[in-house]
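Close look at the chain arrangement
Each chain, letter by letter, is given below.
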Amino acid sequence: MKYVIGVDLGTSAVKTVLVDPQGKVAFEHSESYPLSRPQPNWSEQNPEDWVKGTLVSLRRLIEVSGIDPSQVDGLSFSGQMHGLVLVDKEGQVLRPAILWNDTRTTAQCRRIEKTLGAKLIEVARNRALEGFTLPKILWVQENEPEVLSQAYQFLLPKDYVRLRLTGDYAMDYSDAAGTLLLDVGSKTWSAEIAEAFELPLSLCPRLVESFEQTGTLLSDIAEASGLLSSTKVFAGGADNACGALGAGVLGEGRTMCSIGTSGVVLSYESNKDLNLEGKVHFFNHGEKDAYYIMGVTLAAGHSLTWFKETFAADKSFDELLSGVASIPAGSGGLLFTPYIVGERTPHPDANIRGSFIGMDSGHTLTHFTRSVLEGITFSLRESIEIVRDSGKEITEIIAIGGGAKNEAWLQMQADIFNASIVKLESEQGPAMGAAMLAAYGSGWFTSLSACAEAFIRPADVYKPDPKQAAIYDGLFNLYQEVYDQTRELNNKLAAYRQ
Ligand SMILES: Nc1ncnc2c1ncn2[C@@H]1O[C@H](COP(=O)(O)OP(=O)(O)O)[C@@H](O)[C@H]1O
Ligand SMILES: O=C(CO)[C@@H](O)[C@H](O)COP(=O)(O)O
């Protein structure tokens, strides 16, 4: 039997999956790593931890599966987006990686808007948001100029790991789209944007397609991972592009909802000229010359994890969520907004913070838990409404990510989104998309769509209950009021956040 490997470099862990030609996951392994928040709004990781975790995870995959490494045709990546890794000429990392959920760059976003004006949406097709890479580069330019002056290139997280595995510098279009330096429509680095900020274009790595081969494993890496040095390595893609591949979002009308650390509503787009004025992200897909639009809730699964660790650390997710189905929609009048690290869609606001509105002495831990799930899902509905307003009909959504593990939450998604929610037989999210890139790159299939047909099988469909959907419509209106009503309060409270 032959196999491919998908490596998903997530925010909390790296996950590797060994996949056969039917799309069956023979083995999987996960290695977690820490995230540091050295100052309010900062979020950093040590790129060395990603490399170590990836090598351990690959080795475990090969050891536990007992396969011969020659059975592995190729491997590819999916990576957390936007994170800035600066390397010098020797490929040495110059400072800790600044991650997608780091919001220190509000001033740099305003500088980008002032300098580029309408050009930004015209060329980069996205708004200046704190999470994106260009604001991070500008932060380093302003605050650590000696670091930027030593930089040979900037890389995104999975590109750095690939560099360490193969020695090759490259970035694929789907990830490059999240930097704000790419001319998304013409698939070239924008000299105009780089020059406007006095950044040399040489800082930008070579651009490649996600399914393109970018080398083989270095011999010391092959030894450490248990693979052969002849193993083909394919570029890989942004985690959301890979999540979309793994969910079969490869045609008009296909939409997915991913609840991982962040939450994402993503819809396939073939029209490269679609202009939604930056209300949602517009990025290149992992498939050649395809695109997607996407809204992001910064703290989706992260809100649930924060809630569990803070108020119910002794419980597993399943224990914590066990009673939520018995609490009626609306959690007994309790509303949660998941803005615990700021928000992106539809409110690009690094200062906003979360709320519980309507606390009552009768509320239990289970009411709070349900209200956290509802708040996260309402936030994702805001993105769905923007996509619907763009003219897309959304009646079916594929659910992926950790949030797709819980049945009550899947039914809640159906009721709040008023759409059927499809759960997949093997929910591997972005890791499966990465494996698909390796399978297609290795020549197993003639297209990514053919690969999706062979690999992806639905398991369950959760239909919206009209009664519940009507209740949630009312609650959603109230949820939408909370942002405006708490914005000023949170701006004033920001001074006390230490
Ligand atoms: N059994 C579960 N039920 C519901 N949600 C869960 C469960 N286990 C994990 N989660 C949620 O899924 C999130 C992790 O999802 P995952 O897709 O693995 O994220 P990432 O790739 O960002 O690390 C956690 O933040 C948690 O809130
Ligand atoms: O910033 C974004 C997308 O724009 C995030 O989706 C990151 O790509 C990280 O995702 P997860 O760790 O939640 O998968």
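Residue numbers run consecutively from 1 along every chain, following the written order of its sequence. Ligands are numbered from 1 and chains lettered from A, in the order in which they are written. Local features in this predicted model are restricted to residues whose pLDDT is 70 or higher, and side-chain atom pairs enter the listing and the counts only when it is 80 or higher, whereas totals over whole chains, interfaces and linings include all residues. Side-chain figures throughout are based on the complete set of non-hydrogen atoms in the structure, without hydrogens or water.

1. Digging into the pattern of salt bridges
- Salt bridge criterion: a side-chain nitrogen from Lys or Arg within 4 Å of a carboxyl oxygen from Asp or Glu. All chains considered together, the criterion is met by 27 salt bridges.
- Close ionic contact of aspartate 175 with lysine 158 constitutes a salt bridge, the shortest N to O distance being 2.9 Å. With a gap of 17 residues between them, aspartate 175 in helix H7 (residues 173-176) and lysine 158 in helix H6 (residues 157-166) connect regions that are remote in the sequence. Grouping residues by exposure puts aspartate 175 and lysine 158 together as buried.
- Here aspartate 289 ties to lysine 288 by a salt bridge, and the two come within 3.8 Å at their closest N and O atoms.
- Because the salt bridges share partners, they merge into one network encompassing Glu44, Arg95, Asp102, Arg104 and Glu144. Put simply, DSSP marks the helices as runs of H or I at least four residues long and the strands as runs of E at least two long, and each gets a number from the N terminus on. Exposure classes here rest on a 1.4 Å probe applied to the protein chains alone. A residue is buried below 20% of its type maximum, exposed above 50%, and partly exposed in between.

2. Structural notes on helix H1 (residues 47-65)
- Here H1 contains 19 residues, and its C-alpha end-to-end distance of 27 Å stays within 8% of the 27 Å for a straight helix at 1.5 Å per residue.
- For H1, the complete set of buried residues consists of Pro47, Trp50, Val51, Gly53, Thr54, Leu55, Ser57, Leu58, Leu61, Ile62 and Ser65. A helix is expected to reach a length of 1.5 Å times the quantity of its residues less one.

3. Description of the site of ligand 1
- By convention in this text, a residue qualifies as near a molecule or strand provided that one of its non-hydrogen atoms is within 4 Å of it. As a matter of local geometry, ligand 1 sits amid 17 residues, with Ser12, Thr261, Gly301, Thr305 and Gly402 nearest to it.
- Here threonine 261 contributes a side-chain N or O atom positioned 2.6 Å from an oxygen atom of ligand 1.
- Counting only elements with at least two residues in the shell around ligand 1, the list comes to helix H11 (301-311) and helix H12 (317-321).
- Residues are grouped as follows: Ala, Val, Leu, Ile, Met, Phe, Trp, Tyr, Cys and Pro are nonpolar; Asp, Glu, Lys and Arg are charged; all remaining types, including Gly, are polar. Partitioned by chemical class, the residues of the shell around ligand 1 number five nonpolar, 10 polar and two charged. Each polar contact in these results corresponds to two N or O atoms within 3.5 Å; when the atoms are within protein, one needs to be able to donate a hydrogen and the other to accept it, and residues that are neighboring in sequence are counted only if both atoms are side-chain atoms.

4. A word on helix H17 (residues 466-493)
- Over its 28 residues, H17 runs 40 Å from end to end, which matches the ideal 40 Å to within 8%, given 1.5 Å per residue.
- A bend of about 40 degrees at threonine 486 is the largest found in H17.
- Buried within H17 we find Ala469, Tyr472, Leu475, Phe476, Tyr479, Val482, Tyr483, Thr486 and Asn490.
- For this analysis, residues touch if any pair of their heavy atoms sits within 4.5 Å. Lining the buried residues of H17 we find strand S19 (335-337), strand S20 (355-357), helix H13 (365-389) and helix H14 (407-417).
- Residue aspartate 465 occupies the N-cap position of H17, its side-chain oxygen lying 2.9 Å from the main-chain nitrogen of lysine 467. At every residue, the bend is computed as the angle between two fitted axes, covering the seven residues ending there and the seven beginning there respectively.

5. Examining the domain arrangement of the protein
- For the protein, the assigned domains read domain 1 (3-241) and domain 2 (248-428 + 465-498).
- What counts as a domain boundary in this text is fixed by an automatic or database domain assignment. Between the C-alpha centres of domain 1 and domain 2 the distance comes to 25 Å.
- With 35 residues of domain 1 at the interface, the matching set in domain 2 holds 34 residues.
- Between domain 1 and domain 2 the total buried area reaches about 2800 Å² when both faces are included, carbon and sulfur atoms providing 54% of it.
- A per-residue breakdown of the area domain 1 buries against domain 2 is headed by Trp100, Arg125 and Asn240, which together make up 22% of the total.
- Run the count over domain 1 and domain 2 and you get one salt bridge. By definition, the buried area sums, over both parts, the 1.4 Å-probe accessible area that each loses when the two are put together.

6. A look at the confidence of the model for the protein
- On a scale of 0 to 100, pLDDT captures the predictor's confidence in every residue. Mean pLDDT over the protein works out to 96, with 100% of the residues at or above the 70 mark.
- Scored by ipTM, the complex comes to 0.96, with pTM at 0.95.

7. Topic: unusual backbone geometry
- The amide bond that connects threonine 345 to the next residue, proline 346, takes the cis arrangement and shows omega of 0 degrees.
- Not every positive phi belongs to a glycine, and glutamate 198 is a case in point at roughly 55 degrees.
- Its place among the elements puts glutamate 198 in the loop between helix H8 (191-196) and strand S12 (207-208).
- The class for glutamate 198 is exposed, based on a relative accessible area of 71%.

8. Description of the site of ligand 2
- As a matter of local geometry, ligand 2 sits amid Thr11, Gln80, Met81, His82, Trp100, Asp239, Asn240, Thr261, Ser262, His281, Met294 and Arg344.
- Here threonine 11 contributes a side-chain N or O atom positioned 2.5 Å from an oxygen atom of ligand 2.
- One of the side-chain N or O atoms of histidine 82 is found 2.6 Å from an oxygen atom in ligand 2.
- When isolated, ligand 2 has an accessible area of 370 Å², and the protein chains bury 92% of it.
- Residues of the shell around ligand 2, tallied by class, amount to three nonpolar, seven polar and two charged.
- Per-domain counts for the shell around ligand 2 show at least three residues from each of domain 1 (3-241) and domain 2 (248-428 + 465-498). Computed with a 1.4 Å probe, the accessible areas rest on the Shrake-Rupley method; for each residue, only the protein chains presented here act as cover.

9. A closer look at the packing of aromatic side chains
- Two aromatic rings, drawn from Phe, Tyr or Trp (for Trp, its six-membered ring), form a pair once their centres lie within 6.5 Å of each other, and the interplanar angle then sorts them: stacked below 30 degrees, edge-to-face above 60, tilted otherwise. A complete count under the given rule lists 19 aromatic pairs for this structure.
- Whether a charge sits over a ring depends on NZ of Lys or CZ of Arg being within 6 Å of the ring centre and within 35 degrees of the ring normal. Above the face of the phenylalanine 282 ring, arginine 125 is positioned so that its terminal group lies 4.3 Å from the ring centre.
- When the ring centre of tyrosine 173 is taken as reference, the NZ or CZ atom of lysine 187 above it lies at 4.5 Å.

10. Notes on the nonpolar core
- Residues Phe154 and Phe455 are the most contacted members of the largest nonpolar core, which totals 131 residues.
- Per-element accounting of this core gives the leading share, nine residues, to H13.
- The two domains that each donate at least three residues to this core are domain 1 (3-241) and domain 2 (248-428 + 465-498).
- Among residues more than four places away in sequence, those in contact with phenylalanine 154 are Leu84, Val85, Leu86, Thr133, Ile137, Met171, Thr179, Leu181, Trp189, Leu203, Cys204 and Pro205.
- As used here, the term nonpolar core means buried Ala, Val, Leu, Ile, Met, Phe, Trp, Tyr and Cys residues forming a set that is joined through side-chain atoms within 4.5 Å. Judged by nonpolar contacts, the second largest core, of 36 residues, contains Leu75, Leu165, Ile221 and Ala299.

11. What about the pairing of strand S17 (residues 281-284)?
- Residue alternation in S17 divides its side chains into two sets, His281 and Phe283 and Phe282 and Asn284, and both sets are buried.
- Only strands joined by at least two bridges in the DSSP assignment are considered to pair. The pairing of S17 with strand S18 (residues 291-297) spans four bridges and is classified as antiparallel. By the bridge assignment, phenylalanine 282 is partnered in S18 with isoleucine 293.
- Between S17 and S18, which pair antiparallel and follow one another directly, the connecting turn spans six residues, one of which, aspartate 289, has a positive phi of 55 degrees.

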